[in-house]
Amino acid sequence: MLAPGIPAVDAFPGQIWARLSAEVWRGGAPSLLGYGDPAGYRPLRQAIAAYLGAMRGIACTAEQVIVTSGSQQAISLAAQLLADAGDAAWVEDPAYVAGRNALSVAGLRTVPVPVDMEGLDVAAGEASAAHARLALVTPSHQYPLGAVMSLRRRFALLAWAERANAWVIEDDYDGEFRYSGRPLQPLAALDAGQERVIYVGTFSKVLAPGLRLGYVVLPGRLVGAFTAGRALADRQSPGPDQAILAEFIARGYLARHIRAMRVLYRARRDALADAVARHADGLLDMALPECGLHALGLFSDSSVMDTEIYGRALRLGLQTPPLSAYYSPGHPRSGLLLGFASTPEEQIAPAVRRLVTLFRRD
Ligand SMILES: Cc1ncc(COP(=O)(O)O)c(C=O)c1O
(Lines give C-alpha, C1' and ligand atoms only; values in the text may rest on other atoms or scores of the structure.)
Protein backbone atom coordinates (compact mmCIF):
# COMPACT_ATOMS: atom_id res chain seq x y z
CA MET A 1 0.00 0.00 0.00
CA LEU A 2 1.03 3.60 -0.75
CA ALA A 3 4.24 2.50 -2.51
CA PRO A 4 5.75 5.34 -4.55
CA GLY A 5 6.84 4.87 -8.16
CA ILE A 6 4.47 2.00 -8.89
CA PRO A 7 1.69 2.57 -11.43
CA ALA A 8 -1.82 1.08 -11.26
CA VAL A 9 -0.98 -2.46 -12.30
CA ASP A 10 -4.60 -3.29 -11.36
CA ALA A 11 -5.60 -1.17 -14.38
CA PHE A 12 -3.06 -2.71 -16.80
CA PRO A 13 -4.79 -3.18 -20.19
CA GLY A 14 -4.41 -6.96 -20.05
CA GLN A 15 -7.13 -7.81 -22.59
CA ILE A 16 -5.59 -5.65 -25.30
CA TRP A 17 -2.09 -6.87 -24.44
CA ALA A 18 -3.26 -10.51 -24.67
CA ARG A 19 -4.90 -9.90 -28.06
CA LEU A 20 -1.80 -8.22 -29.49
CA SER A 21 0.37 -10.93 -27.96
CA ALA A 22 -1.73 -13.65 -29.65
CA GLU A 23 -1.33 -11.83 -32.97
CA VAL A 24 2.44 -11.59 -32.56
CA TRP A 25 2.84 -15.26 -31.58
CA ARG A 26 0.46 -16.51 -34.29
CA GLY A 27 2.60 -14.57 -36.76
CA GLY A 28 5.58 -16.51 -35.35
CA ALA A 29 8.01 -14.27 -37.23
CA PRO A 30 11.47 -15.90 -37.13
CA SER A 31 12.93 -12.40 -36.98
CA LEU A 32 11.38 -11.99 -33.51
CA LEU A 33 12.51 -15.34 -32.17
CA GLY A 34 16.10 -15.26 -33.29
CA TYR A 35 18.80 -12.76 -32.34
CA GLY A 36 17.66 -9.26 -33.18
CA ASP A 37 19.25 -5.84 -33.48
CA PRO A 38 20.72 -4.96 -30.03
CA ALA A 39 19.49 -1.38 -30.60
CA GLY A 40 15.94 -2.69 -30.60
CA TYR A 41 13.13 -3.90 -32.85
CA ARG A 42 12.89 -1.37 -35.64
CA PRO A 43 9.09 -0.77 -35.54
CA LEU A 44 9.32 -0.19 -31.77
CA ARG A 45 12.10 2.38 -32.24
CA GLN A 46 9.93 4.10 -34.86
CA ALA A 47 6.87 4.03 -32.59
CA ILE A 48 8.88 5.52 -29.68
CA ALA A 49 10.29 8.31 -31.88
CA ALA A 50 6.76 9.20 -33.07
CA TYR A 51 5.41 9.01 -29.50
CA LEU A 52 8.13 11.35 -28.18
CA GLY A 53 7.46 13.85 -30.96
CA ALA A 54 3.75 13.92 -30.22
CA MET A 55 3.76 13.62 -26.41
CA ARG A 56 7.02 15.26 -25.27
CA GLY A 57 7.95 17.63 -28.12
CA ILE A 58 11.21 15.78 -28.80
CA ALA A 59 12.15 15.68 -32.48
CA CYS A 60 14.26 12.55 -32.98
CA THR A 61 14.67 9.80 -35.53
CA ALA A 62 14.19 6.07 -34.92
CA GLU A 63 17.98 5.64 -35.35
CA GLN A 64 18.58 7.80 -32.28
CA VAL A 65 16.37 5.57 -30.12
CA ILE A 66 17.83 2.49 -28.43
CA VAL A 67 15.54 0.12 -26.56
CA THR A 68 16.82 -0.80 -23.09
CA SER A 69 15.81 -2.94 -20.15
CA GLY A 70 14.18 0.01 -18.34
CA SER A 71 15.80 3.32 -17.37
CA GLN A 72 18.18 1.49 -15.10
CA GLN A 73 20.08 -0.10 -17.97
CA ALA A 74 20.08 3.19 -19.91
CA ILE A 75 21.65 5.04 -16.95
CA SER A 76 24.19 2.24 -16.38
CA LEU A 77 25.23 2.20 -20.04
CA ALA A 78 25.60 5.98 -20.06
CA ALA A 79 27.80 5.86 -16.96
CA GLN A 80 29.99 3.10 -18.42
CA LEU A 81 30.32 4.59 -21.88
CA LEU A 82 30.54 8.34 -21.31
CA ALA A 83 32.91 8.62 -18.36
CA ASP A 84 36.02 7.04 -16.92
CA ALA A 85 36.37 5.60 -13.43
CA GLY A 86 37.14 8.42 -11.00
CA ASP A 87 35.38 11.12 -13.06
CA ALA A 88 33.02 13.38 -11.12
CA ALA A 89 29.28 13.17 -11.78
CA TRP A 90 26.63 15.53 -10.41
CA VAL A 91 23.71 13.81 -8.73
CA GLU A 92 20.71 15.50 -7.20
CA ASP A 93 20.61 15.75 -3.40
CA PRO A 94 18.24 14.12 -2.53
CA ALA A 95 18.43 11.64 -5.44
CA TYR A 96 16.86 8.60 -7.02
CA VAL A 97 19.02 6.03 -5.24
CA ALA A 98 19.14 3.38 -8.00
CA GLY A 99 20.34 5.99 -10.51
CA ARG A 100 23.00 7.32 -8.15
CA ASN A 101 24.17 3.78 -7.40
CA ALA A 102 24.46 2.97 -11.12
CA LEU A 103 26.97 5.82 -11.42
CA SER A 104 28.90 4.70 -8.33
CA VAL A 105 29.07 1.09 -9.52
CA ALA A 106 30.56 2.35 -12.81
CA GLY A 107 33.35 3.90 -10.71
CA LEU A 108 32.23 7.53 -10.94
CA ARG A 109 32.69 9.92 -8.03
CA THR A 110 29.17 11.18 -7.33
CA VAL A 111 28.96 14.83 -6.24
CA PRO A 112 25.70 15.66 -4.43
CA VAL A 113 24.19 18.93 -5.71
CA PRO A 114 21.34 20.46 -3.70
CA VAL A 115 17.83 20.68 -5.11
CA ASP A 116 15.38 23.48 -4.33
CA MET A 117 11.93 24.30 -5.67
CA GLU A 118 13.49 25.20 -9.06
CA GLY A 119 15.24 21.84 -9.32
CA LEU A 120 19.01 21.20 -9.35
CA ASP A 121 21.03 24.22 -8.18
CA VAL A 122 23.40 24.55 -11.14
CA ALA A 123 25.53 27.28 -9.51
CA ALA A 124 26.10 25.04 -6.47
CA GLY A 125 27.12 22.20 -8.80
CA GLU A 126 29.66 24.41 -10.53
CA ALA A 127 31.01 25.56 -7.18
CA SER A 128 31.61 21.93 -6.08
CA ALA A 129 32.74 20.29 -9.33
CA ALA A 130 32.81 22.59 -12.37
CA HIS A 131 34.54 19.96 -14.48
CA ALA A 132 32.25 17.02 -13.79
CA ARG A 133 31.85 14.63 -16.71
CA LEU A 134 28.09 14.30 -16.45
CA ALA A 135 24.96 15.21 -14.51
CA LEU A 136 22.03 12.91 -13.75
CA VAL A 137 18.77 14.86 -13.35
CA THR A 138 14.99 14.43 -13.16
CA PRO A 139 13.77 17.82 -14.48
CA SER A 140 10.10 16.97 -15.17
CA HIS A 141 9.49 15.83 -11.62
CA GLN A 142 12.44 15.72 -9.26
CA TYR A 143 12.69 12.41 -7.47
CA PRO A 144 11.89 12.40 -4.59
CA LEU A 145 11.05 16.07 -3.78
CA GLY A 146 8.72 16.63 -6.75
CA ALA A 147 10.13 20.00 -7.93
CA VAL A 148 9.80 20.87 -11.61
CA MET A 149 13.08 22.32 -12.91
CA SER A 150 12.51 25.92 -14.01
CA LEU A 151 13.23 26.98 -17.56
CA ARG A 152 15.99 29.27 -16.26
CA ARG A 153 17.75 26.33 -14.60
CA ARG A 154 17.25 24.10 -17.65
CA PHE A 155 19.09 26.61 -19.81
CA ALA A 156 21.74 27.11 -17.11
CA LEU A 157 22.34 23.35 -16.96
CA LEU A 158 22.67 23.06 -20.74
CA ALA A 159 25.03 26.08 -20.81
CA TRP A 160 27.21 24.46 -18.11
CA ALA A 161 27.31 21.19 -20.06
CA GLU A 162 28.46 23.09 -23.14
CA ARG A 163 31.17 24.95 -21.19
CA ALA A 164 32.38 21.86 -19.35
CA ASN A 165 32.08 19.53 -22.34
CA ALA A 166 29.88 17.38 -20.11
CA TRP A 167 26.81 15.15 -20.65
CA VAL A 168 23.38 15.57 -19.10
CA ILE A 169 21.38 12.41 -18.46
CA GLU A 170 17.71 13.43 -18.38
CA ASP A 171 15.69 10.79 -16.53
CA ASP A 172 12.11 11.56 -17.63
CA TYR A 173 10.55 8.67 -15.73
CA ASP A 174 6.99 9.94 -15.19
CA GLY A 175 6.75 13.18 -17.19
CA GLU A 176 3.50 11.99 -18.79
CA PHE A 177 1.55 12.41 -15.56
CA ARG A 178 0.79 16.08 -15.06
CA TYR A 179 -2.55 17.02 -13.49
CA SER A 180 -2.62 20.79 -13.96
CA GLY A 181 -0.64 23.47 -15.79
CA ARG A 182 1.45 23.02 -18.89
CA PRO A 183 4.58 20.84 -18.91
CA LEU A 184 7.92 22.52 -19.60
CA GLN A 185 9.93 21.27 -22.54
CA PRO A 186 12.34 18.43 -21.73
CA LEU A 187 16.06 19.27 -21.86
CA ALA A 188 16.31 17.03 -24.93
CA ALA A 189 13.90 19.36 -26.75
CA LEU A 190 15.68 22.52 -25.57
CA ASP A 191 19.11 21.20 -26.58
CA ALA A 192 18.56 22.17 -30.19
CA GLY A 193 21.56 20.34 -31.66
CA GLN A 194 20.87 17.25 -29.47
CA GLU A 195 24.54 17.07 -28.62
CA ARG A 196 24.66 17.15 -24.82
CA VAL A 197 21.52 15.39 -23.59
CA ILE A 198 21.03 11.67 -23.13
CA TYR A 199 17.26 11.36 -22.76
CA VAL A 200 16.10 8.34 -20.77
CA GLY A 201 12.50 7.13 -20.79
CA THR A 202 10.72 4.08 -19.43
CA PHE A 203 7.52 2.10 -19.79
CA SER A 204 7.70 1.26 -16.08
CA LYS A 205 5.40 4.13 -15.07
CA VAL A 206 3.14 4.50 -18.12
CA LEU A 207 2.53 0.72 -18.26
CA ALA A 208 4.24 -1.61 -15.76
CA PRO A 209 7.76 -2.02 -14.32
CA GLY A 210 7.64 -5.80 -14.86
CA LEU A 211 7.80 -5.31 -18.63
CA ARG A 212 11.42 -4.16 -18.25
CA LEU A 213 11.27 -1.98 -21.33
CA GLY A 214 12.67 1.53 -21.59
CA TYR A 215 14.70 3.53 -24.06
CA VAL A 216 17.39 6.12 -24.50
CA VAL A 217 17.46 8.88 -27.13
CA LEU A 218 21.01 9.73 -28.15
CA PRO A 219 22.98 12.27 -30.12
CA GLY A 220 23.68 10.47 -33.43
CA ARG A 221 27.41 10.07 -32.77
CA LEU A 222 26.76 7.93 -29.65
CA VAL A 223 24.41 5.41 -31.24
CA GLY A 224 27.16 2.98 -32.31
CA ALA A 225 28.79 2.87 -28.87
CA PHE A 226 25.48 2.36 -27.03
CA THR A 227 24.43 -0.38 -29.45
CA ALA A 228 27.73 -2.19 -28.86
CA GLY A 229 27.40 -1.65 -25.09
CA ARG A 230 23.88 -3.08 -25.09
CA ALA A 231 25.00 -6.14 -27.06
CA LEU A 232 27.80 -6.72 -24.59
CA ALA A 233 25.56 -6.33 -21.53
CA ASP A 234 22.73 -8.71 -22.45
CA ARG A 235 22.41 -8.70 -26.26
CA GLN A 236 18.86 -7.29 -26.61
CA SER A 237 15.35 -7.00 -25.16
CA PRO A 238 12.96 -9.91 -25.87
CA GLY A 239 11.74 -9.78 -29.51
CA PRO A 240 8.07 -10.74 -28.98
CA ASP A 241 7.62 -8.24 -26.10
CA GLN A 242 9.08 -5.45 -28.23
CA ALA A 243 6.72 -6.34 -31.10
CA ILE A 244 3.65 -6.33 -28.82
CA LEU A 245 4.62 -2.94 -27.42
CA ALA A 246 5.27 -1.54 -30.90
CA GLU A 247 1.71 -2.48 -31.94
CA PHE A 248 0.32 -1.16 -28.65
CA ILE A 249 1.86 2.26 -29.29
CA ALA A 250 1.25 2.41 -33.06
CA ARG A 251 -2.45 1.59 -32.70
CA GLY A 252 -2.93 4.42 -30.18
CA TYR A 253 -3.51 2.23 -27.11
CA LEU A 254 -0.64 3.78 -25.15
CA ALA A 255 -1.90 7.35 -25.59
CA ARG A 256 -5.39 6.17 -24.57
CA HIS A 257 -4.07 4.30 -21.51
CA ILE A 258 -2.08 7.35 -20.35
CA ARG A 259 -5.16 9.58 -20.67
CA ALA A 260 -7.20 7.11 -18.59
CA MET A 261 -4.44 6.79 -15.97
CA ARG A 262 -4.20 10.56 -15.59
CA VAL A 263 -7.87 10.62 -14.57
CA LEU A 264 -7.45 7.64 -12.25
CA TYR A 265 -4.30 9.01 -10.60
CA ARG A 266 -5.79 12.45 -10.10
CA ALA A 267 -8.69 10.81 -8.22
CA ARG A 268 -6.28 8.70 -6.13
CA ARG A 269 -4.09 11.75 -5.44
CA ASP A 270 -7.13 13.71 -4.25
CA ALA A 271 -8.20 10.79 -2.06
CA LEU A 272 -4.73 10.77 -0.45
CA ALA A 273 -4.80 14.55 0.15
CA ASP A 274 -8.25 14.25 1.68
CA ALA A 275 -7.23 11.34 3.92
CA VAL A 276 -4.07 13.15 5.13
CA ALA A 277 -6.07 16.32 5.88
CA ARG A 278 -8.69 14.32 7.81
CA HIS A 279 -6.56 11.81 9.67
CA ALA A 280 -2.98 13.13 9.78
CA ASP A 281 -3.57 16.80 10.52
CA GLY A 282 -0.80 18.07 12.81
CA LEU A 283 1.38 15.01 12.02
CA LEU A 284 2.10 15.18 8.29
CA ASP A 285 2.37 18.24 6.01
CA MET A 286 1.56 17.26 2.46
CA ALA A 287 1.43 19.62 -0.52
CA LEU A 288 -0.79 18.52 -3.40
CA PRO A 289 1.54 17.25 -6.16
CA GLU A 290 0.85 18.67 -9.65
CA CYS A 291 2.50 15.73 -11.34
CA GLY A 292 3.90 12.25 -10.81
CA LEU A 293 2.83 9.23 -8.82
CA HIS A 294 3.72 10.20 -5.26
CA ALA A 295 3.41 12.96 -2.66
CA LEU A 296 5.77 14.00 0.08
CA GLY A 297 4.58 13.82 3.70
CA LEU A 298 6.87 15.96 5.85
CA PHE A 299 6.76 15.43 9.61
CA SER A 300 5.31 18.30 11.61
CA ASP A 301 7.39 17.12 14.58
CA SER A 302 11.01 17.19 13.38
CA SER A 303 12.15 14.91 16.21
CA VAL A 304 10.28 11.95 14.68
CA MET A 305 12.70 9.62 12.82
CA ASP A 306 11.38 8.65 9.39
CA THR A 307 13.52 5.49 9.26
CA GLU A 308 11.93 4.27 12.46
CA ILE A 309 8.38 5.01 11.25
CA TYR A 310 9.19 3.26 7.95
CA GLY A 311 10.40 0.09 9.65
CA ARG A 312 7.14 -0.12 11.58
CA ALA A 313 5.03 0.90 8.55
CA LEU A 314 6.41 -2.04 6.57
CA ARG A 315 5.10 -4.42 9.21
CA LEU A 316 1.62 -2.94 8.59
CA GLY A 317 1.94 -3.50 4.84
CA LEU A 318 2.72 0.16 4.07
CA GLN A 319 5.64 0.77 1.70
CA THR A 320 6.27 4.46 2.47
CA PRO A 321 10.06 5.00 2.20
CA PRO A 322 11.82 7.51 4.46
CA LEU A 323 12.84 10.76 2.76
CA SER A 324 16.14 10.87 4.67
CA ALA A 325 17.32 7.74 2.80
CA TYR A 326 17.55 9.71 -0.45
CA TYR A 327 19.88 12.40 0.92
CA SER A 328 23.67 12.44 1.01
CA PRO A 329 25.03 11.84 4.53
CA GLY A 330 24.64 14.78 6.88
CA HIS A 331 21.83 16.63 5.11
CA PRO A 332 18.68 14.64 5.71
CA ARG A 333 15.13 15.93 6.01
CA SER A 334 12.57 13.71 7.68
CA GLY A 335 9.38 12.57 6.01
CA LEU A 336 7.77 9.79 4.02
CA LEU A 337 7.13 9.24 0.34
CA LEU A 338 3.45 8.51 -0.13
CA GLY A 339 2.56 6.80 -3.40
CA PHE A 340 -1.02 7.12 -4.59
CA ALA A 341 -1.05 5.59 -8.08
CA SER A 342 -0.97 1.91 -7.17
CA THR A 343 -3.42 1.95 -4.24
CA PRO A 344 -7.16 1.62 -5.06
CA GLU A 345 -9.07 4.73 -3.98
CA GLU A 346 -11.17 3.01 -1.29
CA GLN A 347 -8.03 1.61 0.37
CA ILE A 348 -6.23 4.96 0.67
CA ALA A 349 -7.99 6.38 3.75
CA PRO A 350 -7.72 3.09 5.72
CA ALA A 351 -3.99 2.97 4.83
CA VAL A 352 -3.47 6.55 6.08
CA ARG A 353 -5.36 5.75 9.29
CA ARG A 354 -3.04 2.77 9.85
CA LEU A 355 0.01 4.96 9.20
CA VAL A 356 -1.15 7.54 11.73
CA THR A 357 -1.23 4.94 14.52
CA LEU A 358 2.59 4.77 14.24
CA PHE A 359 2.98 8.38 15.35
CA ARG A 360 1.26 7.83 18.69
CA ARG A 361 3.73 7.40 21.47
CA ASP A 362 1.41 5.63 23.93
C1 LIG B 1 13.56 8.58 -10.76
C2 LIG B 1 13.23 7.26 -11.39
N3 LIG B 1 13.77 6.95 -12.57
C4 LIG B 1 13.49 5.79 -13.19
C5 LIG B 1 12.63 4.87 -12.61
C6 LIG B 1 12.26 3.62 -13.37
O7 LIG B 1 13.25 2.70 -13.45
P8 LIG B 1 13.11 1.49 -14.48
O9 LIG B 1 12.74 2.07 -15.81
O10 LIG B 1 14.45 0.86 -14.49
O11 LIG B 1 12.02 0.58 -13.98
C12 LIG B 1 12.09 5.12 -11.37
C13 LIG B 1 11.24 4.10 -10.70
O14 LIG B 1 11.04 4.09 -9.52
C15 LIG B 1 12.36 6.36 -10.75
O16 LIG B 1 11.81 6.67 -9.58
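Just above sits the structure.
These remarks concern the structure in this document. (Residues numbered from 1 in each chain as written. Predicted model: local features only at pLDDT ≥ 70, side-chain atom pairs only at ≥ 80, totals over all residues. Heavy atoms only, no water.)

1. A few points about helix α13 (residues 345-357)
Looking at α13, one finds that the buried residues are Ile 348, Ala 351, Val 352, Leu 355 and Val 356. Considered in projection along α13, the buried side chains sweep an arc of 135° and stay on one side of the axis. (Buried < 20%, exposed > 50% of the residue type's maximum accessible area, 1.4 Å probe, protein only. Helix = DSSP H or I, 4+ residues; strand = E, 2+ residues; numbered from the N terminus. Arc of directions from axis to C-beta.)

2. Description of the packing of helix α3 (residues 42-56) against helix α10 (residues 239-250)
Taken N-terminus to C-terminus, the directions of α3 and α10 make an angle of 35°; their axes are 8 Å apart at the nearest point. For the pair α3 and α10, the sense of crossing is left-handed. Residues Pro 43, Leu 44, Ala 47, Ile 48 and Tyr 51 of α3 form the contact with α10, whose own contacting residues are Gln 242, Leu 245, Ala 246 and Ile 249. Of the residues in the contact of α3 with α10, the class split is 8 nonpolar, 1 polar and no charged. (Axes fitted to C-alpha atoms, helices over the stretch in contact; angles between N-to-C directions. Left-handed = near helix turned anticlockwise from the far one by under 90°. Contact = heavy atoms within 4.5 Å. Nonpolar A, V, L, I, M, F, W, Y, C, P; charged D, E, K, R; others polar.)

3. Here we look at the packing of aromatic side chains
The tally for this structure, following the rule as stated, stands at 11 aromatic pairs. With 5.4 Å between their ring centres and 55° between their planes, Phe 203 and Tyr 215 make a pair best called tilted. Residue Phe 203 is located in the loop between β7 (197-202) and β8 (214-217), and its partner Tyr 215 is located in strand β8; the two are separated by 12 residues in the primary sequence. Residue class for Tyr 215 comes out buried when judged on its relative accessible area of 1%. (Phe/Tyr/Trp six-rings, centres within 6.5 Å; stacked < 30°, edge-to-face > 60°.)

4. Some words on the site of the ligand
Contacts to the ligand come from Gly 70, Ser 71, Gln 72, Tyr 96, Tyr 143, Asp 171, Tyr 173, Thr 202, Ser 204, Lys 205 and Arg 212. Ser 204 has a polar side-chain atom sitting 2.7 Å from an oxygen atom of the ligand. Contact distances for the ligand include 2.6 Å between an oxygen atom and a side-chain N or O atom of Lys 205. Expressed as a share of its isolated accessible area of 400 Å², the protein-covered part of the ligand is 90%. Taken together, the residues of the shell around the ligand sort by class into 3 nonpolar, 5 polar and 3 charged. (Near = heavy atom within 4 Å. Polar contact = N/O pair within 3.5 Å; in protein donor to acceptor, adjacent residues only side chain to side chain. Areas by Shrake-Rupley, 256 points an atom, 1.4 Å probe, with all protein chains shown as cover.)

5. A word on the nonpolar core
In summary, soluble globular proteins display a tendency toward joint burial of nonpolar side chains. Among the nonpolar cores identified, the biggest contains 87 residues, and Trp 90, Leu 157, Trp 160, Phe 203 and Leu 272 are the most heavily contacted of them. Two domains each put at least three residues into this core: domain 1 (13-252) and domain 2 (255-357). Aside from chain neighbours lying at most four places away, what touches Phe 203 is Ile 48, Ala 208, Leu 213, Gly 214, Tyr 215, Leu 245, Ile 249 and Leu 254. Listed in part, the 25 residues of the second largest apolar core include Ala 78, Ala 102, Leu 103 and Leu 222. (Core = buried A, V, L, I, M, F, W, Y, C linked by side-chain atoms within 4.5 Å. Domains from an automatic or database assignment.)

6. Some remarks on helix α1 (residues 14-27)
Relative to the 20 Å expected for 14 residues at 1.5 Å per residue, α1 spans 20 Å between its end C-alpha atoms, a close match to the ideal helical length. Of the residues making up α1, those classed as buried are Ile 16, Trp 17, Leu 20, Ser 21 and Val 24. End-on view of α1: buried residues confined to an arc of 130°, all on one side of the axis. For α1, the exposed residues set more than 90 degrees away from the buried face come down to Gln 15 and Arg 26. At its buried positions, α1 is contacted by α2 (30-33), α10 and α11 (253-279). Backbone geometry just after α1 places Gly 28 at a positive phi near 50°. (Expected span 1.5 Å × (residues − 1).)

7. Some remarks on the sheet that holds strand β9 (residues 284-286)
One open sheet accounts for 3 strands, arranged β9-β10-β11; its pairing is antiparallel. Strands at the two margins of the open sheet, each flanked by one partner only, are β9 and β11 (335-339). Adjacent strand axes in the sheet meet at a mean angle of 30°, parallel and antiparallel pairs treated alike. Both β9 and strand β10 (residues 294-299) contribute to a ladder of 3 bridges, which runs antiparallel. Across the sheet, residue Asp 285 finds its bridge partner in β10, namely Leu 298. (Pairing = 2+ DSSP bridges.)

8. So, the pattern of salt bridges
By the definition in use, this model includes 17 salt bridges. Of the charged contacts in the structure, one is a salt bridge between Glu 290 and Arg 178, with a shortest N-O distance of 3.4 Å. Residue Glu 290 is located in the loop between β9 and β10, and its partner Arg 178 is located in the loop between β6 (167-171) and α8 (187-190); the two are separated by 112 residues in the primary sequence. (Salt bridge = Lys/Arg side-chain N within 4 Å of Asp/Glu carboxyl O.)

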